[in-house]
Amino acid sequence: MTPAHTRAAWRGLPGTRVAVALASIALAAVVALPAPAPVAAAAPSSKAMAPACSGVNLRTSPTTASRAKVRLVTGAALTVSATVKGASWRTVCAGSKAGSGWYRISAVNGKSVRSLYGV
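Attention here is on the structure that accompanies the text. (Residues numbered from 1 in each chain as written. Predicted model: local features only at pLDDT ≥ 70, side-chain atom pairs only at ≥ 80, totals over all residues. Heavy atoms only, no water.)

## A word on the environment of V113
Mapped onto the fold, V113 is located in helix α3 (residues 113-117). Taking the C-alpha atoms as reference points, V113 and L78, 35 residues apart in sequence, are found 9.9 Å from one another. (Helix = DSSP H or I, 4+ residues; strand = E, 2+ residues; numbered from the N terminus.)

## What about the nonpolar core?
Of all hydrophobic cores here, the largest spans 13 residues; its most connected members are L58, L72, L78, I105, V108, V113 and Y117. Going through the elements one at a time, β4 (56-59), β6 (78-91), β7 (97-108) and α3 are the ones with two or more residues in this core. No other element matches β7, which puts three residues into this core. (Core = buried A, V, L, I, M, F, W, Y, C linked by side-chain atoms within 4.5 Å. Buried < 20%, exposed > 50% of the residue type's maximum accessible area, 1.4 Å probe, protein only.)

## Some points on the state of the cysteines
This model, assessed by the stated rule, comprises one disulfide. One disulfide in the model links C53 with C93; its S-S distance is 1.6 Å. Because the sign of the S-S torsion sets the handedness, a value of about 120 degrees for the bond joining C53 and C93 places this disulfide among the right-handed ones. You can see C53 sitting in the loop between β3 (47-51) and β4 and its partner C93 sitting in the loop between β6 and β7, a full 40 residues away along the chain. Summarising the burial analysis for this pair, C53 and C93 share the class buried. (Disulfide = S-S within 2.5 Å.)

## Observations concerning unusual backbone geometry
Despite not being glycine, A94 has its phi angle at roughly 55 degrees, a positive value. Position of A94 among the secondary structure elements: in the loop between β6 and β7. For A94, a relative accessible area of 47% translates into the label partly exposed. Phi is positive for N109, close to 50 degrees, though the residue is something other than glycine. Of note, N109 is situated in the loop between β7 and β8 (111-112). Of the residues examined, N109 reaches a relative accessible area of 47% and is grouped as partly exposed.

What follows is the structure in structure tokens.
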């Protein structure tokens, strides 16, 4: 799949303008956490998670070539609204991992990604 096709496929997913995909390192380095109070109001299908390593990139689309909006720290509370298919990634954070599945993030520390990063 060419970069143009990948971008077109990403734009076609519902809610992509209000969510940000985690960087490849984020997918491999995320661990489940109990939902903090602000996350409890999230959609029923969402899941609370946090990066296992500092420096995880929050990206605008599911590819390591996309722009990173912010680098997260291990204490960040993330609301994951979906899992999407994207470009291949690899990381050595919390062990060596690779894949092509990405998380769509709708909130960071209880605040929407739209209000925080304008996406």
